[in-house]
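Geometric and topological summary
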Amino acid sequence: MTDTTAPSATAQTLDRVVLRFAGDSGDGMQLVGDRFTDVSALFGNDLATLPNYPAEIRAPAGTIAGVSSFQVQIADFDIATPGDAPNVLVAMNPAALRANIDDLMPGGTLIVNEDAFEERNLAKAGYASNPLTDGSLDGYRVHAVPMTTMTIEATKDSGAKPRDAERSKNFFALGLVCWMFSRPVQPLFDWIDERFGRSPIVRDANRAAFSAGYHFGETTELFETPYVVPPARLPPGRYRNVSGNLALAYGILAAAHHAKLAVCYASYPITPASDILHELSRHKALGVRTVQAEDEIAAISIAIGAAFAGALGVTATSGPGMDLKAEALGLAVSLELPLLVVDVQRGGPSTGLPTKTEQSDLLLALYGRHGEAPLPVVAARSPSHCFDVAFEAARIALRYRTPVVILSDGYLANGSEPWRFPRIADLPDISVPFATEPNHTDDDGTPRFWPYQRDPETLARPWAVPGTPGLAHRIGGLEKEDGSGNVNYEPANHERMTRLRAAKIAGIAADIPPAVVDDPDPPADLLIVGWGSTWGPIQAALGGLRADGRRVAHLHLTHLNPFPVNLGEILRRYRRILVPEMNLGQLSRLLRSEYLVDARGLSKVQGLPFRASEIAARALQMLES
Amino acid sequence: MSDTTTLRPGLTRKDFASDQEVRWCPGCGDYSVLAAVQLLLPELGVRPETQVFVSGIGCSSRFPYYLHTYGLHSIHGRAPAVATGVALARPDLDVWVVTGDGDGLSIGGNHLIHALRRNVNLTILLFNNQIYGLTKVQYSPTSELGKVTKSSPSGTVDHPFNPVSVALGAEASFVARTHDMDRRHMMEVIGRAHRHRGAAFVEIYQNCNVFNDGAFEDITAKDRRADMLIDLRHGEPVRFGADRSRGVRLNAFGEAEIVSVDEVGEDALVVHDERRADPSLAFALSRLASGPHEPTPIGVFRAVERPVYELALQAQIAAATERGPGDLQRLIESGHTWEVPGPDGDGEQRVG
C-alpha cells in the first residue's frame, strides 16, 4: 500500500461480483445503481438488481431509517438473483455502513465516504466510536475516501456552489466503482449530458465528480487491482435491460396490439405500482388512454366501464388497493367481462412495508371476494417474465371474458435483468370477435340477443359492445337468468349460474401449458415448488445443491388458478416437497388442501427476497431427514 | 338482425321500453321519471344502441333494466366511475348515470364530484327522495335535520347536503333541478342536460310514497307550485308567485334573498345568467332554500362550456399520433440494446 506507482495493468478477472451502493435516501444511491446496471448491461454482463429504499421520501438525514441501497450482481454467466452477500459495499455515511455491514462477505471490499464519519453522523447511526479507526472493520478491505471534499474540489470550476456541488458525490462514487470494474465511461457521460443538459451547472458538476472518482481510482494507491467481470454467455439474440414494471407495461401494450383493442388503463398512485401508470401515460401515440382515478375503487370501475364498451380495461395497484377493489372485482366476475388487475405485492397488512417486497396476497387474489367469485390468477417469476405474464393474462381474460389477477411484487417491479425482447409481430393473435347478431330466437320467432348465452366450449358469454345495433342489453351485479341474462332470484338458477362461473374458470386448465418440472435425473429426492419472484433464489440454490451432488427438482408455477392439469400427478412423484414463499405458507396450504401432499413451507417475511443459501440450507435439512 | 338496426325516424316511447316488468312500488315517483325519459329519448332523435345507462345501487338504480338501450347496473356509488370508463372507451356514445341521494352523495360522493370536476360527458340524473328506500327507512345524506327513521329514532343530528350546491361546488358545467310532479319540466331540463357537452347534473325531487311520502309536497303540489317553485330562466329577472309579486335579489354579501317586487322594483332583481363562468351566482341561488318547505329554485342553475375530459384526452392522442403513429417494436428496442451472437459467432459480444 506504500507503493505509489500506477495500478497494475492486469485486471483481476472474476466470474461474478455483487455490489451494493448504500447511502442516505437523499444521496442518489438508486440513481447511481441504475447507471452502473445500465452500463454493465451494455458491457454484456448478465445481471440482476435489488433496489431497497425507505418508504419516506426524505427520512431524517443520517439515520438508519433513511438508508437507501441498491444491489446489483454482474456475472459472465446466466444468473438468477442479485446475489446473497455483497463482495463490494459502498457506504456513503455511518448509517449506511451500520445498516449494511453485516451483509458484506468476510474479506469483502468496503468503500466509505470518510468525510461523513464525523461525530454527529456517528451518533445518529448509533456508533459509540468511529468504526474506521476502532478496528471493528479489520475483517474487510476498507477504503476510506474523502468523497465530499474531493467532489467539492473537483467541481470548483463548474460554477456550482459548494453546498450544491457536494450533492454530486454520488457521481464521484460511481466513477470510482466504474474504474474498479472497468466499465466503459462514454455511455455515462452521454447519459449525464442528456439528463442534465438543461442545467449546465449540474451537468458539469456531475461530469467533473464522475471523472474525479474514476481518476482517483486510477491514480491512487488504494486500488491496486481493478476488477473485470467478462461478458456473460446468454442465449443468442438481441437484449435490453428491463425492470418488472416496465416489462409489464410493455406486455399490456403488446396484448392490446394483438387483441386489436385500445388500452384503457386507470389507476391510483401507489408504491410500487405507479411506474406502470407513468410508463403507459407516455404512449398516447399507441392510442393508450390512461386515467389517474380519484381512488382505487374508481380505477377498477373505470376499467370495467371501458371493458363493457369494448376496450382492454386494465388497472394496477398494490395490496391496500387490492382490498379496496374487491367489490368491483366481484362485479367483473358477475358481469363476465375481460379485465386485467395487476397487484404489485408489498409487505402487509395495512400500509405495512410500502417499499419492500412480499408474496402475501396470493390467497387474497384467489379468494378475497364475497360470494363464490372465482377468477384466474397468474404470477411473474422475473422482471422480464412480467411481459409474458401480462400477455398471457390478457389472452385468458379475452377468451373467457373474465377478470384476471396478475401478481408481481416489489422485488420484480423495481429489479431488472437483461431481456431478450421478442419481435412483436411474432406474438400470437389473441383477438376475440364482438357479437354482431342476435343469438336466440323466441318461441314466436323473434330474434333476441341473450347476453348470457354461453359458448359451449369455453363457457364464455358473448361480448356485445354498446353502439352495436340490435344487441342493446342490460347487465348488472344482480344474479342473472342462465341464457337470457334477465334478473333472476330463483334458487335453482343461482346454483346453476354459480356452478357455471366456477366451471368456466376451472376449464381454463385445459388451455394452459402443463407444468414442466426441472428434474435432470427423475425422480429427485426433493421437489422445490415455487411461484413468483422466488424463482431466482430457488434457481440459484438449485445450482449449488446439484453441484454438491444433491438430487433436487424445481417446479415453478405461473398459473395459480386454475393450476395446470398435471400438477397433482407431478407432486405425487416426490417424497419431499419444499415450498419457499415470502409469506407464511399460502401456496403450500393450497397444494396440501388440493392434492393431499405433504408440501412443507419455508417462509420469509422480512421485506427482502430469499437468499439462495437460505433455501439451500432448508433443502439440505429436508434431504437429510 | 332485429328491426332496431335500421334508423327509423319515427321511434316512439315503445322503442325505448324493455320487456322487463317494472318493479318499483305502485305510486313511486320513479315511474314518472321513467316515463319522462322514455318519452324524451325519441324526441332527442337518438337510437337505442347509442344510449348507455349506468347505475349504482338503490331503487333508482334499477332504472336501466326498464329501458331498451345498453345498460349496466353496477355497484353502490360507483356508477359515475363506471360511466367514465364507458365514455373514455366510446366518446361517440351518450352515457347516462342514474343514481340516488344515498348512492350518489353518500357511498359514491367521491366519484360524483370527480366526474363533475373532470367534466366527463355524462348526463347524471340524481333521484333525491331524502330517504333510503331499498334498505327500508334509514336517513340519507339529504334527509332534513331531526328526521326520525329506523336508524335515527331520536331524530338525525346530521346536517344534510344540498345536492345542487354540492354539484356547483365541484364546478359542474351544467347543474339543474326538476321534480317528478311535472313531466314537461322534467323533459325540458333532462333534454337540455343531454344536449350539454360535458358533465350535466340534474337533481330530481322524487317522492317515495312508501317511506317518505309527501316530502316535497309543500313545494310541488299543484296549488303550491306557483308560490313555492322559482323557475329559473336564463336572461330573465328571477320572479315567482302566482301574481309574480316576489323576486330574488343579491344583498351586499352576495347572498340571494327573497324580496317583494313592489318594494324594491324589478331592476333590483337578479337577472339569471346560467352562462356565467364563475359559479358564485348559481351557488347563491342554490342557497335560497335549505329544504323543500320554502321557495325553491328549479330549472337550470348553470350551463357553461369547458373542455370535455375524454375529448381532451382524445385530442392528446390525436396530437401524439399526428407526430408519428406509435411503433411498439421501436419502443421496446429503445434505450441501450446489445446482441448476443449465436454459436457460429466468435463468442465475443458486440456492444450495441
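1. Focus: the overall build of chain A
Broken down by element type, chain A carries 20 helices and 25 strands. The C-alpha atoms of chain A give a radius of gyration of 27 Å, which matches the 25 Å a tight globule of 625 residues would have. Taking the principal axes of its C-alpha atoms as reference, chain A extends roughly 100 × 60 × 45 Å. Long-range pairs, those at least 24 residues apart, make up 75% of the contacts in chain A with a sequence separation of at least 6. A distance of 2 Å separates the average location of the 57 positive side-chain charges in chain A from that of its 71 negative side-chain charges.

2. Observations concerning the overall build of chain B
In terms of regular secondary structure, chain B is built from twelve helices and twelve strands. Dimensions along the principal axes, computed over C-alpha positions, put chain B at roughly 100 × 50 × 50 Å. Across the 352 residues in chain B, those meeting the buried criterion constitute 57%. Put simply, 66% of the contacts in chain B that link residues at least 6 apart link residues at least 24 apart. Of the roughly 15000 Å² of accessible surface on chain B, 50% is carried by carbon and sulfur atoms. Taken together, the 35 basic and 45 acidic charged side chains of chain B have centroids lying 3 Å from each other.

3. A look at the packing of helix H2 (residues 79-89) of chain B against helix H4 (residues 109-118) of chain B
Residues and elements named next belong to chain B. One can describe the packing of H2 onto H4 by two numbers: an axis separation of 7 Å at closest approach and a directional angle of 40°. It follows from the interaxial angle that H2 and H4 lie oblique. On H4, the residues touching Pro-80, Ala-81 and Thr-84 of H2 are His-111, Leu-112 and Ala-115. Here the residues of the contact of H2 with H4 sort into four nonpolar, two polar and no charged.

4. Quick notes on the interface of chain A and chain B
Between chain A and chain B, the contact holds 77 residues from the first and 66 residues from the second. Both faces combined, the contact of chain A with chain B buries some 6000 Å², and carbon together with sulfur accounts for 62% of it. On the chain A side of the contact with chain B, Leu-42, Glu-294 and Arg-474 of chain A bury the most area, a combined 12% of that side's loss. Linking chain A with chain B are three salt bridges, by the criterion used here. Linking Arg-238 of chain A and Glu-339 of chain B is a salt bridge whose minimum nitrogen-to-oxygen distance equals 2.8 Å. Counting every contact that joins chain A to chain B gives 27 residue pairs in polar contact (both at pLDDT 80 or more). A total of seven residues in the side of chain A that touches chain B trace back to one element, the largest contributor, which is helix H11 (residues 296-308) of chain A. Looking at the side of chain A that touches chain B residue by residue, the classes come out as 46 nonpolar, 18 polar and 13 charged. In this sheet, strand S2 (residues 70-73) of chain B lies alongside strand S19 (residues 474-476) of chain A in parallel orientation, the contact comprising three bridges. Following the sheet pairing, Gly-476 of chain A is matched in S2 of chain B by His-73 of chain B.

5. Focus: the sheet that holds strand S5 (residues 88-91) of chain A
All names here are of chain A. Reading across from one edge, S3-S4-S2-S5-S6-S7 is the order of the six strands in this open sheet, with mixed pairing throughout. Two strands lie at the open edges of the sheet, namely strand S3 (46-52) and strand S7 (141-145), each paired on one side alone. Strand-to-strand twist across the sheet, computed as the mean angle between neighbouring axes with direction ignored, equals 15°. Its contacts with the sheet put helix H1 (residues 29-43) on strand S2 (16-24), S3 and strand S4 (67-75), and the angle it makes with S4 is roughly 10°. Each of S2, S5, strand S6 (109-113) and S7 touches helix H6 (residues 169-180); the most contacted strand, S6, lies at about 155° to it.

6. Examining the domain arrangement of chain A
Residue and element names in this part refer to chain A. For chain A, the assigned domains read domain 1 (12-228), domain 2 (240-426) and domain 3 (517-623). Taking only C-alpha atoms, the centre of domain 1 and the centre of domain 2 are 34 Å apart. Contact residues are listed per partner, giving 16 residues for domain 1 and eleven residues for domain 2. Of the roughly 970 Å² buried at the junction of domain 1 and domain 2 (both faces included), carbon and sulfur atoms supply 53%. Contact with domain 2 buries surface across domain 1, with Thr-49, Tyr-53 and Ala-55 losing the most and accounting together for 42% of the total.

7. Points about the nonpolar core
Nonpolar side chains tend toward joint burial in soluble globular proteins. Residues and elements named next belong to chain A. Core analysis: the biggest nonpolar cluster contains 171 residues, and Ile-276, Val-529, Leu-587 and Leu-591 have the highest contact counts within it. With sequence-adjacent residues up to four places away left out, Leu-587 is seen in contact with Leu-362, Val-529, Gly-530, Trp-531, Leu-557, Leu-560, Phe-563, Val-579 and Glu-581. Listed in part, the 44 residues of the second largest apolar core include Ala-41, Phe-70, Val-88 and Cys-178.

8. Topic: the packing of helix H7 (residues 186-196) of chain A against helix H8 (residues 200-219) of chain A
All names here are of chain A. Two elements in contact, H7 and H8, have axes whose closest approach is 9 Å; the angle formed by their N-to-C orientations is 160°. When the axis of H7 is compared with that of H8, the two are roughly antiparallel. In the packing of H7 onto H8, the handedness of the crossing is right-handed. For the pair formed by H7 and H8, the contact residues are Leu-188, Phe-189, Ile-192, Asp-193 and Phe-196 on the first element and Pro-200, Val-202, Arg-203, Asn-206, Arg-207, Phe-210 and Ser-211 on the second.

9. Concerning the side chain of His-272 of chain B
Residues and elements named next belong to chain B. One can find His-272 in the loop between helix H9 (261-264) and helix H10 (280-286). The class for His-272 is buried, based on a relative accessible area of 1%. A polar contact of 2.8 Å, which involves the side chain of His-272, links it to the backbone oxygen of Val-300. His-272 has contacts with Leu-232, Arg-233, His-234, Gly-235, Glu-236, Val-238, Leu-285, Val-300 and Phe-301, leaving out every residue within four places of it along the chain.

10. Let's talk about the sheet that holds strand S20 (residues 517-518) of chain A
Residue and element names in this part refer to chain A. Here five strands make up an open sheet; going across it, the order is S20-S22-S21-S24-S25 and the pairing mixed. Every interior strand has two partners, whereas the edge strands, S20 and strand S25 (599-603), have only one. Here S20 runs beside strand S22 (residues 552-557); their pairing, made up of two bridges, is antiparallel. In the sheet register, Val-517 faces S22, and the bridge partner there is Leu-555. The strands touched by helix H17 (residues 535-547) within the sheet are S20, strand S21 (526-531), S22 and strand S24 (577-581), with S22 carrying the most contacts at an inclination of about 170°.

11. Let's talk about helix H20 (residues 612-623) of chain A
Given 3.6 residues per helical turn, the α-helix brings residues three or four places apart onto the same face. All names here are of chain A. Compared with an ideal rise of 1.5 Å per residue, which puts twelve residues at 16 Å, H20 spans 16 Å between its outermost C-alpha atoms and is within 8% of the ideal. Inspection of H20 places Ala-612, Ile-615, Ala-616, Ala-619, Met-622 and Leu-623 among the buried residues, and these make up the whole buried set. The buried residues of H20 occupy an angular sector of 125° when projected down its axis, which confines them to one face. Against the buried residues of H20 lie S21, H17, S22, S24 and S25.

12. Quick look at a negative patch on the surface
Together, Asp-227, Asp-243, Asp-262 and Glu-263 of chain B give the surface a local cluster of negative charge. Asp-243 of chain B sits in the exposed class, given a relative accessible area of 57%.

13. A few points about the layout of surface pockets
All names here are of chain A. Roughly 840 Å³ of internal volume is contained in the second largest pocket. Residue assignment for the lining of the second largest pocket shows that the elements contributing at least two residues are S2, S3, helix H14 (385-400), strand S16 (416-420) and H17. Looking at side-chain class alone, the lining of the second largest pocket contains 15 nonpolar, nine polar and eight charged residues.

14. Focus: unusual backbone geometry
Cis peptide bonds are those with omega within 30 degrees of zero, and the linkage from Thr-271 of chain A to Pro-272 of chain A qualifies with 0°. Residue Pro-349 of chain A follows Gly-348 of chain A across a cis peptide bond; omega there is 0°. One non-glycine residue, Gln-130 of chain B, lies in the positive phi region at around 60°. At Lys-136 of chain B, a position not held by glycine, the phi torsion is positive, near 70°. Residue position: Lys-136 of chain B is located in the loop between strand S4 (122-128) and helix H5 (163-169).

15. Let's talk about the pairing of strand S6 (residues 200-205) of chain B
Residues and elements named next belong to chain B. Burial analysis of S6 places six of its six residues in the buried class, the great majority of the element. Side chains of S6 alternate between two faces, with Ala-200, Val-202 and Ile-204 and Phe-201, Glu-203 and Tyr-205 buried alike. Of the strand pairs in this sheet, strand S5 (residues 174-179) and S6 are connected by six bridges, and their pairing is parallel. When the sheet's bridge partners are listed, Arg-177 is paired in S6 with Glu-203. Taken together, S5, helix H6 (residues 183-195) and S6 constitute a β-α-β crossover, and its handedness is right-handed.

16. Re the side chain of Glu-417 of chain A
Residue and element names in this part refer to chain A. Following the sequence through the fold, Glu-417 ends up in strand S16. Here Glu-417 occupies a buried position and makes no salt bridge, while the nearest side chain of opposite charge, Arg-381, is found at 7.6 Å. Polar side-chain contacts of Glu-417 include one of 2.7 Å to the side chain of Ser-384. With sequence-adjacent residues up to four places away left out, Glu-417 is seen in contact with Leu-47, Arg-240, Asn-241, Val-242, Ser-382, Pro-383, Ser-384 and His-385.

17. Things to note about H8 of chain A
Residue and element names in this part refer to chain A. Between its first and last C-alpha, H8 extends 28 Å over 20 residues, near the 28 Å set by a 1.5 Å rise per residue. Every buried residue of H8 is listed here: Ala-205, Asn-206, Ala-209, Phe-210, Ser-211, Ala-212, Gly-213, Tyr-214, Phe-216 and Gly-217. Where H8 is buried, its residues meet S7, helix H4 (147-154), H6 and H7.

Cut-offs used in this document
- Residues numbered from 1 in each chain as written.
- Chains lettered and ligands numbered in written order.
- Predicted model: local features only at pLDDT ≥ 70, side-chain atom pairs only at ≥ 80, totals over all residues.
- Heavy atoms only, no water.
- Helix = DSSP H or I, 4+ residues; strand = E, 2+ residues; numbered from the N terminus.
- Rg over C-alpha atoms; globule rule 2.2 N^0.38 Å.
- Contact = heavy atoms within 4.5 Å.
- Lys, Arg positive; Asp, Glu negative; His and termini not counted.
- Charge placed at Lys NZ, Arg CZ, Asp CG, Glu CD.
- Buried < 20%, exposed > 50% of the residue type's maximum accessible area, 1.4 Å probe, protein only.
- Areas by Shrake-Rupley, 256 points an atom, 1.4 Å probe, with all protein chains shown as cover.
- Axes fitted to C-alpha atoms, helices over the stretch in contact; angles between N-to-C directions.
- Parallel < 35°, antiparallel > 145°, perpendicular 65-115°, else oblique.
- Nonpolar A, V, L, I, M, F, W, Y, C, P; charged D, E, K, R; others polar.
- Buried area = accessible area lost by both parts, 1.4 Å probe.
- Salt bridge = Lys/Arg side-chain N within 4 Å of Asp/Glu carboxyl O.
- Polar contact = N/O pair within 3.5 Å; in protein donor to acceptor, adjacent residues only side chain to side chain.
- Pairing = 2+ DSSP bridges.
- Domains from an automatic or database assignment.
- Core = buried A, V, L, I, M, F, W, Y, C linked by side-chain atoms within 4.5 Å.
- Left-handed = near helix turned anticlockwise from the far one by under 90°.
- Expected span 1.5 Å × (residues − 1).
- Arc of directions from axis to C-beta.
- Patch = residues over 30% accessible without salt bridge, like charges linked within 9 Å, V, L, I, M, F, W, Y side chains within 5 Å.
- 1 Å grid on protein atoms, 1.4 Å probe; cavity = no way out; pocket = protein on both sides within 12 Å on 5 of 7 lines; lining within 4 Å.
- Points joined across faces, edges and corners; volume = space filled by probe spheres on them.
- Right-handed = clockwise from strand over helix to strand, strands pointing away.

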